[in-house]
Amino acid sequence: MHTSQRSRPPRYIPAGLYLTLLQPHMLSFSRWVALATAPFVFPVTAAVAQTPVQSAPISGIRYEVTFDARTAPARTIHVGMTFDVGGPGPVLLSLPAWTPGAYEISNFARWVSAFSATSGGRSLTWDKLDYDTWRIRADGAKNVTVSFDYLADSLDNAIAWARGNFAFFNGTNIFLYPEGRPMDFTATVTVKTDPTWLVTTGMKPAGTPRTYTAASYHDLVDMPFFVGQYDVDSAQIANKTVRMASWPKGSLQGANRATFWDNQKKMIPAMGAVFNDIPWDNYTTFIVFDSTSGGGSALEHQSSHLGIYTPLLVESILFPSITAHEMIHAWNVKRLRPADMVPYRYSQPQPTTWLWVSEGITDYWSDVVLSRSGVIDTTGFVILTQGKIEETNATPPVALEDASLSTWIHPTDGTGYIYYQKGSLAGFLLDILIRDASDNKKGLDDVFRDLYQTTYKQKWTGFTGEQWWSAVRRAAGGKSFDDFNAKYVDGREPFPYASVLPLAGFRLKVDTIREPRLGVSSAPDSSGVRVADVQPGSPAEAAGLKPGDYLLQVGDISVRDPSFGEQFRSRYAKAEGTKLPVKIRRGEQTLDLQIAVKLAERMEQRLMLDPNASAKAVRIRNGILKG
Ligand SMILES: [Zn+2]
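1. Things to note about the coordination of the zinc ion
Move 1: Ligation of the zinc ion by protein atoms is provided by His 325 (NE2), His 329 (NE2) and Glu 359 (OE), these donors lying 1.9 to 2.1 Å from the ion.
Move 2: Positions of the donor residues of the zinc ion along the chain correspond to the pattern H-x3-H-x29-E.
Move 3: The exposure class of His 329 is buried, given its relative accessible area of 0%.

2. Let's talk about helix 8 (residues 378-393)
Count 3.6 residues to each turn of an α-helix, and residues three or four apart come out pointing the same way.
Move 1: With 16 residues, helix 8 extends 22 Å from end C-alpha to end C-alpha; this agrees with the ideal 22 Å at 1.5 Å per step.
Move 2: Where helix 8 is concerned, the buried positions are Gly 380, Phe 381, Val 382, Leu 384, Thr 385, Gln 386, Gly 387, Lys 388, Ile 389, Glu 391 and Thr 392.
Move 3: The N-cap of helix 8, judged by a side-chain oxygen 3.2 Å from the amide nitrogen of Thr 379 a few residues on, is Asp 377.

3. Quick look at the side chain of Ser 438
Move 1: Among the secondary structure elements, Ser 438 is positioned in the loop between helix 10 (419-437) and helix 11 (444-457).
Move 2: Residue Ser 438 is classed as buried on the basis of its relative accessible area of 13%.
Move 3: Here the side chain of Ser 438 touches Ile 434 through a polar contact of 2.9 Å, landing on its backbone oxygen.
Move 4: Among the polar contacts listed, one links the side chain of Ser 438 to the backbone nitrogen of Lys 442, at a separation of 2.9 Å.

4. What about the nonpolar core?
Move 1: Residues Trp 356 and Trp 468 are the most contacted members of the largest nonpolar core, which totals 158 residues.
Move 2: Tallying contributions element by element places helix 10 first for this core, with 10 residues.
Move 3: When neighbours within four sequence positions are excluded, Trp 356 is seen to be in contact with Ile 361, Leu 400, Ser 404, Tyr 419, Gly 423, Ala 426, Leu 430, Trp 468, Trp 469 and Val 489.
Move 4: Judged by nonpolar contacts, the second largest core, of 21 residues, contains Val 531, Val 554, Phe 568 and Ile 584.

5. A few points about the sheet that holds strand 17 (residues 231-237)
The strands making up a sheet are joined through hydrogen bonds of the backbone, oriented either antiparallel or parallel.
Move 1: Pairing is mixed across the open sheet formed by five strands, whose spatial order is 17-18-19-21-20. The sheet is open, and its two edges are formed by strand 17 and strand 20 (296-300), each paired on a single side. Strand after strand, the sheet turns through a mean of 15 degrees between neighbouring axes, direction not considered.
Move 2: Where strand 19 (residues 282-289) meets strand 21 (residues 304-309), six bridges bridge the pair, whose relative direction is parallel. Bridge assignment links Thr 284 to a residue of strand 21, and that residue is Ser 304.
Move 3: Sheet contacts for helix 5 (residues 254-275): strand 17, strand 18 (240-247) and strand 19; angle to strand 17, the most-contacted strand, approximately 35 degrees.
Move 4: Contacting strand 19, strand 20 and strand 21, helix 6 (residues 318-328) crosses the sheet at an angle of about 150 degrees to strand 21.

6. Considering the environment of Phe 169
Move 1: Structurally, Phe 169 is set in strand 10 (residues 166-169).
Move 2: The spacing of Phe 169 and Ser 154 is 15 residues in sequence and 9.7 Å in space, taken between C-alpha atoms.
Move 3: Sequence-distant contacts of Phe 169, defined by excluding residues within four places in its chain, comprise Val 65, Ile 77, Ile 159, Ala 160, Ile 174, Phe 175, Pro 224, Phe 225 and Val 227.

7. As for the pairing of strand 4 (residues 112-119)
Move 1: Examined bridge by bridge, strand 4 and strand 8 (residues 143-151) share five bridges and lie antiparallel to one another. Looking across to strand 8, one finds that Ala 117 is bridged to Val 146.
Move 2: As defined by bridge partners, strand 4 adjoins strand 5 (residues 122-123) across two bridges and the pair is classed as antiparallel. Along strand 5, the bridge assignment pairs Thr 118 with Ser 123.
Move 3: Taking the residues between adjacent antiparallel strands as the criterion, strand 4 and strand 5 are bridged by two residues, where Gly 120 takes a positive phi near 55 degrees.

8. As for the pattern of salt bridges
Move 1: Applying the stated criterion to the full structure yields 29 salt bridges.
Move 2: Across the salt bridge formed by Glu 64 and Lys 192, the nearest N and O atoms sit 3.9 Å from each other. Taken as a pair, Glu 64 in strand 1 (residues 58-66) and Lys 192 in strand 12 (residues 187-192) lie far apart in primary sequence, 128 residues in all.
Move 3: Overall, Glu 64 belongs to the partly exposed group, its relative accessible area being 35%.

9. Quick look at the sheet that holds strand 10
Move 1: As summarised here, the arrangement of the four strands in space is 9-10-16-13, forming an open sheet in which the pairing is antiparallel. The outermost strands of the open sheet, each flanked by one partner alone, are strand 9 (161-163) and strand 13 (198-201). Each neighbouring strand pair of the sheet contributes to a mean axis angle of 10 degrees, computed without reference to strand direction.
Move 2: Note that strand 13 and strand 16 (residues 225-228) share four bridges and pair antiparallel.

10. Overview of the environment of Ser 563
Move 1: Structurally, the position occupied by Ser 563 is in the loop between strand 26 (557-558) and helix 16 (564-571).
Move 2: The exposure class assigned to Ser 563 is partly exposed, which follows from its relative accessible area of 24%.

11. Some words on the pairing of strand 1
Move 1: Alignment of strand 1 against strand 2 (residues 76-85), held across seven bridges, turns out to be antiparallel. Across the sheet, the residue bridging to Arg 62 is Thr 82, located in strand 2.
Move 2: In this structure, strand 1 lies alongside strand 12, joined through six bridges in parallel fashion. Counted as the bridge partner of Val 65 is Val 191 from strand 12.

12. Considering the packing of aromatic side chains
Move 1: Summed over all chains, the structure comprises 59 aromatic pairs.
Move 2: Relative to Phe 286, the ring of Phe 226 lies with its centre 4.8 Å away and its plane at 55 degrees, an arrangement referred to as tilted. Of this pair, Phe 226 sits in strand 16 while Phe 286 is found in strand 19, placing the two residues 60 residues apart along the sequence. An identical accessibility class is assigned to Phe 226 and Phe 286; each is buried.
Move 3: With 5.5 Å between their ring centres and 75 degrees between their planes, Phe 428 and Phe 506 make a pair best called edge-to-face. Residue Phe 428 is located in helix 10, and its partner Phe 506 is located in strand 22 (residues 506-517); the two are separated by 78 residues in the primary sequence. Just as Phe 428 is buried, Phe 506 falls in that class too.
Move 4: The ring of Trp 134 is capped by Lys 128, whose NZ or CZ atom sits 4.5 Å from the centre of that ring.

Each value, and the rule that gives it
- Residues numbered from 1 in each chain as written.
- Predicted model: local features only at pLDDT ≥ 70, side-chain atom pairs only at ≥ 80, totals over all residues.
- Heavy atoms only, no water.
- Donors = N, O, S within 2.8 Å, 3.2 Å for Na, K, Ca; no water.
- Buried < 20%, exposed > 50% of the residue type's maximum accessible area, 1.4 Å probe, protein only.
- Helix = DSSP H or I, 4+ residues; strand = E, 2+ residues; numbered from the N terminus.
- Expected span 1.5 Å × (residues − 1).
- Polar contact = N/O pair within 3.5 Å; in protein donor to acceptor, adjacent residues only side chain to side chain.
- Core = buried A, V, L, I, M, F, W, Y, C linked by side-chain atoms within 4.5 Å.
- Contact = heavy atoms within 4.5 Å.
- Pairing = 2+ DSSP bridges.
- Axes fitted to C-alpha atoms, helices over the stretch in contact; angles between N-to-C directions.
- Salt bridge = Lys/Arg side-chain N within 4 Å of Asp/Glu carboxyl O.
- Phe/Tyr/Trp six-rings, centres within 6.5 Å; stacked < 30°, edge-to-face > 60°.
- Lys NZ or Arg CZ within 6 Å of the ring centre and 35° of its normal.

Read these as layout, nothing more, since geometry by itself doesn't imply function.
Here it is as structure tokens:
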């Protein structure tokens, strides 16, 4: 059996709650990301070819994807591509290097084997032009068929993964495009599978069974597929069809499935109201539950998202929170997008300084929409926002623009994904400042509605920095945000919570608290709770704990207990110097260590409602939370 060793940090986890769910006491999420990511950084290199290359023109492109009970045991998806050749010269076919939304180079050609090219049963000569590009000598052939096997063994929502009765894949993984030619070609996809297995995708049905069509390559590769045995159902919400497909069968049933649909019915109208549009004909939430997932991770598309979750997550607020985040991307980033990323380029990295808007403010909208639709209450909003403040405080100061730009290289200092939390907080502050300047008549909603109309609906140019800040300024009645941009977006200054939050009836209470520490950071993985780091000079180091050990039990609390952190902090809050028995696993051995408890001081900033809020501040708070 092939097992992917490849690991990537979740696309999105609201850290505060993630920590509450799994290992609150030790783990800094961003640190975990850094540690988890470090060994998997790929060299970021553009295509090898020095001169612009162009394929012979091709047309009539049809893809055929086979996944059935015969190919599933080898976790193989068989891919065919047939087309007509419209001119001389070699046909150059490339696979993308990345999937939009997953900002890293993956080179999907890595998973290709048994490549062949034929015409009328005759083999054609081919070689590689670069590592993502096949060069086929058509030799006068008018109609060509290319085929290959794709190893679907990556449990990663940007790639492809298969089990005995199921596969998901992204179009970027398997659909070749002609190099150097326009990407607006139409194509069809036919899926061949067992008669009783299902096929689900956002692509438009093409008339014949299990055949779909896309109007351009960009659409084609933005519509992932489920094939096999899984649960799928649908509902009409805001006059559109909304579907949910979940694997394995039976994993999301009964009250949990009902809650999902209940939340969808509340959330979608609230999202539509932010942008004043429902942009899809139909929308699909694809869900994979797998216990090797350390948390939750999902990837957005124009009319769907694909999430991979630990089964533990189902009843957590994280589940609707991630769902809302990914669905808001259907507006923010799949349609309203920084000009740097219009159109997507699949062969090379496409860095932008605007992920703090595309990801961070998407996350702000997620909290706001959950609140406005009643999925969470004000306390829920405060908890989510508080978590983002804590994560940002625990990360080295970094400019939002720089963090956005650098994500492609997965920085190891913990700043690699902080544009989610810190960008969300920047959105919160901007929303407050706009509402304060306009007496709550305008808000960040207006900025997004404005840019959505002008830089997506009227003409899809994407927004520039000038357009973004002018829209912010307009909404705030002409107020300048140059200083905000210089200090908090392009700069590294701490956010001005003390002056801005009270304008919306919030305040940040700063406390110094003493709490027990062992001096380790840990992260859950598929084998348990793994020690990622042992602080030099800590009691844990003195007791002989090492990175790579697995924690089993601390005192009489199992590390698997979801409330481990709270129990540990309350039970040992006054236990300075007490030796605690700690059970660990090292390789095949189970060891018992004695670790002394040490109390450490920590500055805690707590977000709370301001009891002395003015009438205007309360109006602004309600404007944000209630719409
Ligand atoms: Zn996102």
